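Letter by letter, the chains look like this.
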Amino acid sequence: MTGRNDLWAPTPALVRLLTVVLLTVPVALLWRRPDLLVLVAPLAMVLVWSLVTRPSQVPERRFSLSHALLREGEQALAVVDVEPVPDADVMAAAVPPAPFVSGVPLERRREVADVDGIDVKPTSVVADAVAGEAGGPPLADGPRRLTVGVRLTRWGVRRIGPVQVAAVSPWGSFRWGPTGLEPLGLRTLPQPVAFDSAAPAPHPRGLVGTHRSVRPGQGSEFAALRPFQPGDRLRRIHWPRSTRGDGTLYVTSSYADEDTHVAVLLDAHYDVGRSGGVDGAASSLDRSVRAAASIAEHFLRQGDRVSLRVLSARTPLTVPVGTGRRHHVRVLDTLSRVVPSVSEETDARRVHLGISAGTLVVMISALVSPDALTQAATLAGRGVSVVVVDALVDPRQGEVVASDDKDPLARTAWRIRMLEREREVRAITAEGVAVVPWLGPGSLDVVLRELGRRGRGRGQGRSA
Amino acid sequence: MRELRELWVDLRSASRSHLRVRAGILGGALLFALAYALAGGGNVIAWLGLVALGLAVVLQPHTLAPGLFLGYAVASWWATVEATWHWALLPAALGILVLHTAAALCASVPAQAPVPVTVVRRWAERTGLVAALTVLVWGLAGLLTLRPATGLGPLPGIVGLTLLAVLLAAYVRWRPTDR
């Protein structure tokens, strides 16, 4: 990015030197006032010094980021490398303010709010273009590195830049820049909120995983002692029982460990409320994305298979079923790219979500749009276990936050919509879909246990 | 009004090292005002005007304020100080130098960023060098004023100042660098 600032130009400091010296010297000569010459003598010297050391070369510069991927609340460095040029004296770089990107102070400082009441965060740095760091030896020839610490306070793709970089000559008489460097995007992954479910996922089906199966097989949980059969491993022989009996060898058998497929559906049609970032209030989409990240992390850590589907007109993203740590990063990366957008034309009943029977569907939604509820009801009608996480409920208050709109009509409209929403939630609950508010640790425990019990009940009924 | 409040916020959120440099601006303004008063120039209103302008420079070193201060200072001296040489000329000239240098440094860097110690030290050394040359000019001017060369007027002073400027330029151009 180049522009008219991409050259060395005189500063107001040089202009005032020139003006004062050029006006004073004739006055001193005409009015025979040598004292005026003495008075402006230092300014004349500074003027000569400045003109002699005018830089001519424009510095080469490059902008990069220390990280490609971060969690919200973490810090990164915006790194500007500037090639020093002769007679450049001081360099500076600044990252312009951006939503959910705040500067990291280099020294202890008090909080100062600007005219609009927003905290002033330092996002600039000054470097010596001549010597090395303070107290250090002079640098060898090479680019001078200017680093600005930034903290990302909300998930998403955050724009860092355009970074403004500038340099001045001795006495600050000539300035290059400030010139902007192309902004870079930094993917910020959602920070999973505290979530720890003790309940097992219902309907485990696979051959590996941590959930205990009803079938015997390879696993870690003890099932019974039984006589040895051909094919049993020798290390499974239970010697205390075998030596006590009639000479028959006994082996320990175990239950097979299984996993389950957890399909996370994220309703990103609307973002209700104002987001204050990781340290402030959360919007409904903040809660949805962080809840999705927590649920995915929890089940993936258990060894289950997790898929993700984002319902949004602008970012209809999908992550296929997978497991493991890399899959977890993939899910988080996808969540960081979610952009809320309503799709007006979608018939929720016709959307094919690729979910088979036996899958646990966790739908996270603010339940503002009837689409999400219709989809949940459709899935439940097909016999799929569906849990709807209500992301509109504020975990701190335990209920939906009232509108703080100044317009009384808007407040009334919000209340009416909330009443409709309550009716829709009651209707879907009556159809067998569990709706739980997102309240942190153990939010899904009761529902998962209930679903598991129902599943086992059905299984026993069929076998009987 | 909003702009003034923004300048105040800029000052309050400035780094400590930047604030020290801005204090240098005020120091330069006070030094000049004191020297001006000691030289017998102006009155209380003129001195307070200088201090007020100095505070304006502290608040906005990147605007016209430093130029206004310098113009007002030189014009006041010319208009109200009778003597063509006074010992207080030296602190007055040094006050102007300090004010200009500190204002130029403040205007060169973002207020919230700490100014590296090496930069402050180098700027102070440069200021010291120019101050030393100013002492020389002040001494020469004193000699010439007390023992005036008949018929030459301020010509020796001009020649001397030009010679100094040329020598300074030569030094700056061919000085050994630390790179």
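All values derive from a computational prediction rather than experimental measurement.

## Some remarks on the overall build of chain B
Then, in step 1: When its secondary structure is counted, chain B shows seven helices and zero strands.
Then, in step 2: Traced from its N-terminal end to its C-terminal end, chain B shows the element sequence α-α-α-α-α-α-α.
Then, in step 3: Within chain B, buried positions represent 46% of all 179 residues.
Then, in step 4: Relative to all contacts within chain B whose residues are 6 or more apart in sequence, the contacts with residues 24 or more apart total 75%.
Then, in step 5: Of the roughly 8,700 Å² of accessible surface on chain B, a fraction of 72% belongs to carbon and sulfur atoms.

## Here we look at the UniProt feature "transmembrane region" (unreviewed entry) in chain A
Residues and elements named next belong to chain A.
Then, in step 1: Sequence positions flagged by UniProt for "transmembrane region" (unreviewed entry) are, in local numbering, residues 13-31 and 36-52.
Then, in step 2: Structurally, residues 13-31 comprises 95% helix and 0% strand, and the distance from its first C-alpha atom to its last is 27 Å.
Then, in step 3: Each end of residues 36-52 is marked by a C-alpha atom, and these two atoms are 24 Å apart; helix forms 100% of the span and strand 0%.

## Considering the packing of helix α1 (residues 12-30) of chain A against helix α4 (residues 65-80) of chain B
Then, in step 1: Relative orientation of the contacting elements α1(A) and α4(B) amounts to 15 degrees, with a least axis distance of 10 Å. Classified by the angle between their axes, α1(A) and α4(B) sit roughly parallel to one another. Viewed along their axes, α1(A) and α4(B) form a crossing whose handedness is right-handed. On α4(B), the residues that touch A:R16, A:V20, A:T24 and A:V27 of α1(A) are B:P66, B:G67, B:L70, B:V74 and B:W78.

## What about the packing of aromatic side chains?
Then, in step 1: Tallied over the full model, the rule gives eight aromatic pairs over all chains.
Then, in step 2: Consider the rings of B:Y36 and B:W77, whose centres lie 6.2 Å apart with planes at 35 degrees: the pair is tilted. Taken together, the residues B:Y36 in helix α2 (residues 16-38) and B:W77 in helix α4 connect sequence positions 41 residues apart. Each of the two residues, B:Y36 as well as B:W77, counts as buried.
Then, in step 3: Between A:R154 and the ring centre of A:F100, over which it is positioned, the NZ or CZ distance is 5.3 Å.
Then, in step 4: One cation-aromatic arrangement involves A:R241 over A:Y250; the distance from NZ or CZ to the ring centre is 4.3 Å.

## What about the UniProt feature "transmembrane region" (unreviewed entry) in chain B?
Residue and element names in this part refer to chain B.
Then, in step 1: When the UniProt feature table is mapped onto this chain numbering, "transmembrane region" (unreviewed entry) sits at residues 21-38, 87-107, 128-146 and 152-172.
Then, in step 2: The span residues 21-38 shows a helical share of 100% and a strand share of 0%, and its end C-alpha atoms are spaced 26 Å apart.
Then, in step 3: A helix fraction of 90% and a strand fraction of 0% characterise residues 87-107, whose end C-alpha atoms lie 32 Å from each other.

## Description of the sheet that holds strand β1 (residues 8-10) of chain A
Residues and elements named next belong to chain A.
Then, in step 1: Across the sheet, which stays open at both edges, the five strands sit in the order β1-β11-β10-β5-β7 with antiparallel pairing between neighbours. Because the sheet does not close on itself, it has two edges, and the strands there are β1 and β7 (124-128). Here the average twist between neighbouring strands, direction ignored, is 25 degrees.

## Side note on the interface of chain B and chain A
Then, in step 1: Counting residues at the interface gives 66 residues for chain B, matched by 65 residues for chain A.
Then, in step 2: When the two sides are added together, the surface that chain B and chain A hide from each other amounts to roughly 5,800 Å², 70% of it contributed by carbon and sulfur.
Then, in step 3: Between the two partners, chain B and chain A, sit three salt bridges.
Then, in step 4: Among the ionic pairs, A:D128 bridges to B:R122, the shortest N-O distance being 2.8 Å.
Then, in step 5: Our count for the contact surface shared by chain B and chain A stands at eleven residue pairs in polar contact (both at pLDDT 80 or more).
Then, in step 6: Contributions of two or more residues to the side of chain B that touches chain A are made by α1 (2-12), α2, α4, α5 (89-108), α6 (117-146) and α7 (155-174) of chain B.
Then, in step 7: Examining the composition of the side of chain B that touches chain A, we find that 15 residues originate from one element, α6(B), more than from any other.
Then, in step 8: Looking at the side of chain B that touches chain A, its residues break down into 41 nonpolar, 14 polar and eleven charged.

## Description of α5(B)
Then, in step 1: The first and last C-alpha atoms of α5(B) sit 29 Å apart over 20 residues, in line with the 28 Å expected at 1.5 Å per residue.
Then, in step 2: By the criterion of burial, α5(B) is predominantly enclosed, with 17 of the 20 residues buried.

## Things to note about the pairing of β7(A)
Within a regular strand, side chains alternate between the sheet's two faces.
Residues and elements named next belong to chain A.
Then, in step 1: Burial of β7 is extensive: five of the five residues sit out of reach of the surface.
Then, in step 2: With burial as the criterion, each face of β7 is covered, one bearing S124, V126 and D128 and the other bearing V125 and A127.
Then, in step 3: In this structure, strand β5 (residues 90-94) lies alongside β7, joined through five bridges in antiparallel fashion. Across the sheet, residue M91 finds its bridge partner in β7, namely A127.

## Brief notes about the environment of B:L50
All names here are of chain B.
Then, in step 1: Examined against the element boundaries, L50 turns out to sit in helix α3 (residues 44-59).
Then, in step 2: We classify L50 as buried; its relative accessible area is 0%.
Then, in step 3: C-alpha separation for the pair L50 and A73, spaced 23 residues apart in sequence, amounts to 7.3 Å.

## Structural notes on the confidence of the model for chain A
Residue and element names in this part refer to chain A.
Then, in step 1: Taken as a whole, chain A shows an average pLDDT of 80; of its residues, 82% reach a score of 70 or greater.
Then, in step 2: Predicted confidence is poor over residues 132-138, with pLDDT under 50, and the contacts of this stretch with residues over four places away or in other chains come to nine contacts.
Then, in step 3: This model gives residues 456-464 a pLDDT under 50, and the stretch forms one contact once residues within four places in sequence are excluded.

## What to know about the sheet that holds strand β9 (residues 156-160) of chain A
Residues and elements named next belong to chain A.
Then, in step 1: On the basis of which strands lie adjacent, the open sheet formed by three strands has the order β3-β12-β9 and mixed pairing. The open sheet terminates on both sides in strands that have one partner only, identified here as β3 (69-71) and β9. Across the sheet, the mean angle from the axis of one strand to that of its neighbour is 40 degrees, orientation sign disregarded.
Then, in step 2: Pairing of β9 with strand β12 (residues 184-189) involves five bridges; the strand directions are antiparallel. Bridged to R158 within β12 is L186.
Then, in step 3: The strands touched by helix α5 (residues 325-335) within the sheet are β3 and β12, with β3 carrying the most contacts at an inclination of about 85 degrees.

## Topic: the nonpolar core
Then, in step 1: With 102 residues, the main nonpolar core has A:L39, A:V80, A:I160, B:F32, B:F69 and B:W77 as its most contacted residues.
Then, in step 2: It is helix α2 (residues 34-52) of chain A that contributes the most residues to this core, twelve residues altogether.
Then, in step 3: Lining this core are residues from two domains, each supplying at least three of them: domain 1 (8-52) and domain 2 (61-189) of chain A.

Reading the values: the criteria
Residues numbered from 1 in each chain as written. Chains lettered and ligands numbered in written order. Predicted model: local features only at pLDDT ≥ 70, side-chain atom pairs only at ≥ 80, totals over all residues. Heavy atoms only, no water. Helix = DSSP H or I, 4+ residues; strand = E, 2+ residues; numbered from the N terminus. Buried < 20%, exposed > 50% of the residue type's maximum accessible area, 1.4 Å probe, protein only. Contact = heavy atoms within 4.5 Å. Areas by Shrake-Rupley, 256 points an atom, 1.4 Å probe, with all protein chains shown as cover. UniProt positions renumbered as here; feature names shortened; annotations may be inferred. Axes fitted to C-alpha atoms, helices over the stretch in contact; angles between N-to-C directions. Parallel < 35°, antiparallel > 145°, perpendicular 65-115°, else oblique. Left-handed = near helix turned anticlockwise from the far one by under 90°. Phe/Tyr/Trp six-rings, centres within 6.5 Å; stacked < 30°, edge-to-face > 60°. Lys NZ or Arg CZ within 6 Å of the ring centre and 35° of its normal. Pairing = 2+ DSSP bridges. Buried area = accessible area lost by both parts, 1.4 Å probe. Salt bridge = Lys/Arg side-chain N within 4 Å of Asp/Glu carboxyl O. Polar contact = N/O pair within 3.5 Å; in protein donor to acceptor, adjacent residues only side chain to side chain. Nonpolar A, V, L, I, M, F, W, Y, C, P; charged D, E, K, R; others polar. Expected span 1.5 Å × (residues − 1). pLDDT = per-residue confidence, 0-100. Core = buried A, V, L, I, M, F, W, Y, C linked by side-chain atoms within 4.5 Å. Domains from an automatic or database assignment.

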